[in-house]
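Now for the letters of each chain:
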Amino acid sequence: MQFLSSTLLAKRIHDGKVRLPNLAETPDLLKESLTNNSLEARNYQQHIREHNAALAFASMGAEVKSSPGNGPYCFRIHGQIYHRIAPLYSNERFKPGYGQLYIFNASEANSRRLENNPSCLSSVMEKLDALLRTINPYAESYLQMHQLIQSNPTVNVKMIFMENPDLDMRRYNAPTSRTEVAAIFVGDDGEPPANRDICIYPIGEGCKNISPLNQCNDPMVYPLLFPRGEQGWSNEMEHVEERRSAKRNRVTQLQFYGYRLSVRSGFEKLKDLALTTSA
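Residues numbered from 1 in each chain as written. Predicted model: local features only at pLDDT ≥ 70, side-chain atom pairs only at ≥ 80, totals over all residues. Heavy atoms only, no water.

**Q** Would you mind going over the packing of aromatic side chains with me for this structure?
**A** The description of an aromatic ring pair rests on the distance of the ring centres and on the angle between the ring planes. Applying the stated rule across the entire model yields 4 aromatic pairs. Taking the centre distance of 5.7 Å and the plane angle of 45° together, the rings of Phe57 and Tyr138 count as tilted. Taken as a pair, Phe57 in the loop between helix 4 (48–55) and strand 1 (59–65) and Tyr138 in helix 7 (residues 137–151) lie far apart in primary sequence, 81 residues in all. Summarising the aromatic geometry, the rings of Phe256 and Tyr257 are spaced 5.0 Å apart at their centres and angled 90° between planes, so their arrangement reads as edge-to-face. Over the face of the ring belonging to Tyr102 we find Arg113, whose NZ or CZ atom lies 4.9 Å from the ring centre. (Phe/Tyr/Trp six-rings, centres within 6.5 Å; stacked < 30°, edge-to-face > 60°. Helix = DSSP H or I, 4+ residues; strand = E, 2+ residues; numbered from the N terminus. Lys NZ or Arg CZ within 6 Å of the ring centre and 35° of its normal.)

Okay, structure coming up:
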């Protein structure tokens, strides 16, 4: 089978209307984990989805239906896929998980992750955790919010994840700290804009659903695909200006993921296939 280049494929499918920026360079640790044949690399390759789920900041949920017969494994769902996110701190009813673990020290966080993922090697989990704590803006945001509350337990604080990394949140309120994707708001006067649906509070009754239209879904659920927090699809994405039509000028989800998952040379395609096809 002869594969098309990503540029040619995009032109044939979308008539050149979709053009997305390249993803950031993949960290060396993730490259080596997918290409080497060491014990740690093989463990990562065989259990990549478990590693990803353990390190994710949000969970993906769906009603899974068993496949009939004895054929190849097929992931079948009934109804709608949803994504959920937890408050900063857990309570007596819920064990710490997902983004909450990034406020723990690395050793304790990984011990809790390995309790639910015994097939994963501790050394691999430790290296992945250290990588995300270093380069991932979501991990940094959780830790910043925790440190702020620890320094002033009475402060009224909340954190939102921005839909557009170029959006200047200072037009609403000067945040006490800011990363590429998040802003921390302090006090009632720092109420975030109402259209930002991902809002982290220190304490909550449990997980809450995230809008499927938010750009933060992909990087929060798949941190090993987007270790630097690269944004996902948004309904505000537009077609290339010179190829827009009068009736349709927005990039659809199908167009977005078709472009991202199109066959291309280099390491990025290997990374995508490994996470999406591993059992």
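**Q** Please explain the pattern of salt bridges as it appears in this structure.
**A** Pairing between side chains of opposite charge can happen when the charged atoms of each approach one another. A complete count under the given rule lists 7 salt bridges for this structure. A salt bridge links Lys127 to Glu40; the nearest nitrogen and oxygen atoms lie 2.7 Å apart. In this pair, Lys127 sits in helix 6 (residues 122–135) while Glu40 sits in helix 3 (residues 39–46), placing the two residues 87 residues apart along the sequence. Relative accessible area serves as the criterion here: at 41%, Lys127 is assigned to the partly exposed category. Look at Glu40 and you get partly exposed, because its relative accessible area is 26%. Here Glu236 and Arg250 are joined by a salt bridge, their closest N and O atoms 3.6 Å apart. (Salt bridge = Lys/Arg side-chain N within 4 Å of Asp/Glu carboxyl O. Buried < 20%, exposed > 50% of the residue type's maximum accessible area, 1.4 Å probe, protein only.)

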